[in-house]
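Observations on chain architecture
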Amino acid sequence: MKSIQVGLLGVGTVGSGVFSVLQRNQSEIVRRAGRGIEIAMVADLDTARAQAVVGPAVKVVSDARAVIANPDIDIVIELIGGYGIAKQLVLEAIEAGKHVVTANKALLAVHGSEIFAAASRKGVMVAFEAAVAGGIPIIKSLREGLSANRIQWIAGIINGTTNFILSEMRDKGLDFDVVLKQAQALGYAEADPTFDIEGVDAAHKAALMSAMAFGVPVQFDKAYVEGITQLGAQDIKYAEQLGYRIKLLGITKKTEKGIELRVHPTLVPNKRLIANVEGAMNAVMVHGDAVGTTLYYGKGAGSEPTASAVIADLIDIARLHNADPAQRVPHLAFQPDAMSNAPVLSMGEVVTSYYLRLKVADEAGVLANVTSILAKAGISIDAVLQREADEVGGEGATQTDLIILTHDCVEAKMNEALSQMQVLKTVLGTIVRIRKEELA
Ligand code: HSE
């Protein structure tokens with residue numbers, strides 16, 4: 001059978017990986033797909049560089065629309081990124097009846113509903129394994145492997161850049177800016193690294209997983225997003241002393257009231273496997289009612305790990321493109337007419353536990369005042385750590401750090417308690433609050 005013909009838009013880090021893995025593993029891929037998969041045409045603004053990557057046998061153009069217009073092309077891979085021209089090109093490819101493979105989490109998190117609806121109308125597939133956690137087959141796991149379950153929660157380290165930064169800060173005591181530059185040089189970071197460090201990239205991925213786990217629309221716009229830029233090195237140290245690591249987690253949970261969808265720095269007990277995921281590695285925990293807790297670990301970025309996911313999608317399409325569209329696996333795991341309208345909860349409605357650090361005057365009654373506010377709010381304390389003033393501020397210091405871990409409570413209650421504690425005369429600086437998840 002003739003090889004399926006693929007057009008590639010964007011020959012950057014991932015595009016090069018797709019080309020070389022397809023070449024290297026073609027015979028194994030044919031055994032799996034039942035036919036060859038051939039990159040027949042490539043579009044990149046830097047045609048000379050792209051031609052050098054794909055060799056003289058592949059047609060290289062600068063105009064992506066020439067690839068979409070080519071009637072011989074069955075599948076278009078979009079590796080341009082962003083919401084701009086990439087959105088136009090994906091919609092045009094769908095309109096032209098091409099299947100699409102993309103690694104573009106930003107595009108799908110923001111415009112997924114429109115794109116999947118267009119694809120369903122045209123009877124084509126939009127595959128996006130590479131969009132979440134790079135080489136880890138988490139989309140396939142959620143959509144197929146776990147399809148017997150009522151999924152209850154997902155918690156993942158789904159941004160390699162921030163995990164790399166947190167690991168290096170903790171291990172080597174390096175400054176945030178130094179480590180961010182390293183992550184950029186290593187090719188983990190987004191073109192705009194604020195998407196990584198402010199938690200936006202993780203929220204894109206969490207919104208996609210949430211939709212597939214709970215059969216709700218992709219709702220990135222309703223996600224709570226907090227990055228790692230405000231995280232202090234001393235909190236990483238105190239967390240460690242209390243038996244926790246701080247990770248930037250993407251969390252989505254189904255509760256009786258609705259769906260939690262949030263990204264923020266999180267204390268995780270250091271005995272959990274996920275707490276020990278270091279460097280740019282990704283890991284996703286999924287808890288289903290039948291299977292229990294599962295954990296998926298691997299490289300979340302990089303040329304060949306991401307190419308691994310892109311090519312898995314190509315193989316799926318090569319196998320299924322002639323199938324009746326109604327028999328294919330739905331884009332978001334649930335049948336489009338069976339979606340739920342469970343609301344995404346505001347952060348004030350979320351239930352979680354907390355790490356609090358208060359800079360306090362080292363004098364009588366401070367702890368009593370703070371704990372009485374928490375008690376009145378019905379917030380139960382799990383642990384307290386108070387450092388000797390000398391240890392924190394040096395000989396003769398009159399202030400110290402008071403660290404409190406709480407049990408679960410509704411965030412609105414914690415907000416209220418925090419505003420009362422903040423105005424105590426003995427509380428000397430802005431209180432640090434970091435959420436904590438036991439992930440038991
Ligand atoms: N910037 C992303 C990360 C790349 O650091 O994980 C993969 O999506």
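**Comments concerning the sheet that holds strand β5 (residues 99-102)**
- With respect to topology, six strands assemble into an open sheet ordered β3-β2-β1-β4-β5-β6, the strand pairing being parallel. Single-partner strands in this sheet number two, and they are β3 (59-61) and β6 (126-127).
- Packed on one face of the sheet, helix α13 (residues 303-320) meets β1 (4-9), β2 (37-43), β4 (75-78), β5 and β6 and runs near 165 degrees to β5.

**Looking at the side chain of Asp401**
- Note that Asp401 resides in strand β15 (residues 399-406).
- You can call Asp401 buried: its relative accessible area is 4%.
- Within polar-contact distance, the side chain of Asp401 engages the side chain of Tyr238 at 2.6 Å.
- Each residue touching Asp401, except ones within four places of it in the same chain, is listed here: Tyr238, Arg357, Leu358, Lys359, Leu385, Gln386, Arg387 and Val392.

**Some points on unusual backbone geometry**
- We note that Ala333 has phi near 80 degrees; this positive angle belongs to a residue other than glycine.
- Of note in this structure, Leu439 is not a glycine but carries a positive phi near 50 degrees.

**Notes on the domain arrangement of the protein chain**
- In terms of domain boundaries, the protein chain breaks down into domain 1 (4-137 + 303-336), domain 2 (139-299) and domain 3 (350-436).
- Between the C-alpha centres of domain 1 and domain 2 the distance comes to 26 Å.
- At the interface, 23 residues of domain 1 touch 26 residues of domain 2.
- For the pair domain 1 and domain 2, the summed buried surface comes to about 2,100 Å²; carbon and sulfur atoms form 66% of the total.
- Considering only the side of domain 1, the residues that lose the most area to domain 2 are Lys105, Val132 and Ile136, jointly responsible for 25% of the buried surface there.
- Run the count over domain 1 and domain 2 and you get three salt bridges.
- Residue Asp316 pairs with Lys140 through a salt bridge whose shortest N-O separation is 2.7 Å.
- Applying the counting criterion to the domain 1 and domain 2 interface returns nine residue pairs in polar contact (both at pLDDT 80 or more).
- Taken together, the elements giving at least two residues each to the side of domain 1 that touches domain 2 come down to α6 (105-122) and α13.

**Comments concerning empty space enclosed by the protein**
- According to the stated counting rule, one finds one cavity of 30 Å³ or more in the structure shown.
- Each pocket or cavity is described by its volume, and for the largest cavity that value is around 60 Å³.
- What lines the largest cavity is simply Leu166, Ser167, Arg170, Ile236, Arg245, Ile246, Lys247 and Glu278.
- Those elements that provide at least two residues to the lining of the largest cavity are α8 (160-172) and β9 (244-254).
- Across the lining of the largest cavity, the residue classes break down as three nonpolar, one polar and four charged.

**Concerning helix α11 (residues 200-214)**
- Between its terminal C-alpha atoms α11 stretches 21 Å, which fits the 21 Å expected from 15 residues at 1.5 Å a residue.
- Of all the 15 residues making up α11, 15 are buried; the element is thus mostly covered by neighbouring parts of the structure.
- Remark: Gly215 follows α11 within two positions and exhibits a positive phi of approximately 65 degrees.

**So, the pattern of salt bridges**
- Counted under the stated rule, the structure contains 31 salt bridges.
- With a shortest N-O distance of 2.7 Å, Arg65 and Glu92 are connected by a salt bridge. In this pair, Arg65 sits in helix α4 (residues 64-69) while Glu92 sits in helix α5 (residues 85-95), placing the two residues 27 residues apart along the sequence.
- For Glu92, a relative accessible area of 27% gives the class partly exposed.
- A salt bridge links Lys205 to Asp201, with the nearest nitrogen and oxygen atoms 2.6 Å apart. With Lys205 and Asp201 both in helix α11, this residue pair falls four residues apart, about one helical turn.
- Residue Asp201 is classed as buried on the basis of its relative accessible area of 2%.
- Beyond isolated ion pairs, a larger network of salt bridges with shared partners links Arg170, Asp171, Glu240, Arg245, Lys247 and Glu278.

**A look at the site of the ligand**
- Around the ligand, the surrounding shell consists of Lys105, Asn159, Gly160, Thr161, Tyr188, Ala189, Glu190, Asp196, Asp201, Lys205, Gly300 and Ala301.
- Within the contact set of the ligand, a nitrogen atom lies 2.5 Å away from a side-chain nitrogen or oxygen of Glu190.
- If the ligand stood free it would expose 260 Å²; the protein chains cover 92% of that surface.
- When each cavity is represented as a set of grid points, the ligand is found to reside in the largest pocket.
- For the shell around the ligand, the elements supplying multiple residues, two or more each, are α8 and α11.
- Of the residues that constitute the shell around the ligand, the class distribution is three nonpolar, four polar and five charged.

**A few points about the layout of surface pockets**
- In this model, the largest pocket occupies a volume close to 1,100 Å³.
- Breaking the lining of the largest pocket down by element, the ones donating at least two residues are α1 (13-24), α5, α6, α8, α10 (194-197) and α11.
- Looking at which domains feed residues into the lining of the largest pocket, each of domain 1 (4-137 + 303-336) and domain 2 (139-299) supplies at least three.
- If you add up the space inside the second largest pocket, you get close to 280 Å³.
- Considering the residues around the second largest pocket, the lining is formed by 16 residues, among which Glu226, Gln230, Val432, Arg433 and Ile434 are closest to the centre.
- For the lining of the second largest pocket, the class distribution of residues is seven nonpolar, four polar and five charged.
- Domain assignment of the residues forming the lining of the second largest pocket places at least three in each of domain 2 (139-299) and domain 3 (350-436).

Scoring rules and cut-offs
Residues numbered from 1 in each chain as written. Predicted model: local features only at pLDDT ≥ 70, side-chain atom pairs only at ≥ 80, totals over all residues. Heavy atoms only, no water. Pairing = 2+ DSSP bridges. Helix = DSSP H or I, 4+ residues; strand = E, 2+ residues; numbered from the N terminus. Contact = heavy atoms within 4.5 Å. Axes fitted to C-alpha atoms, helices over the stretch in contact; angles between N-to-C directions. Buried < 20%, exposed > 50% of the residue type's maximum accessible area, 1.4 Å probe, protein only. Polar contact = N/O pair within 3.5 Å; in protein donor to acceptor, adjacent residues only side chain to side chain. Domains from an automatic or database assignment. Buried area = accessible area lost by both parts, 1.4 Å probe. Salt bridge = Lys/Arg side-chain N within 4 Å of Asp/Glu carboxyl O. 1 Å grid on protein atoms, 1.4 Å probe; cavity = no way out; pocket = protein on both sides within 12 Å on 5 of 7 lines; lining within 4 Å. Points joined across faces, edges and corners; volume = space filled by probe spheres on them. Nonpolar A, V, L, I, M, F, W, Y, C, P; charged D, E, K, R; others polar. Expected span 1.5 Å × (residues − 1). Near = heavy atom within 4 Å. Areas by Shrake-Rupley, 256 points an atom, 1.4 Å probe, with all protein chains shown as cover. Sits in = over half its atoms within 2 Å of the grid points.

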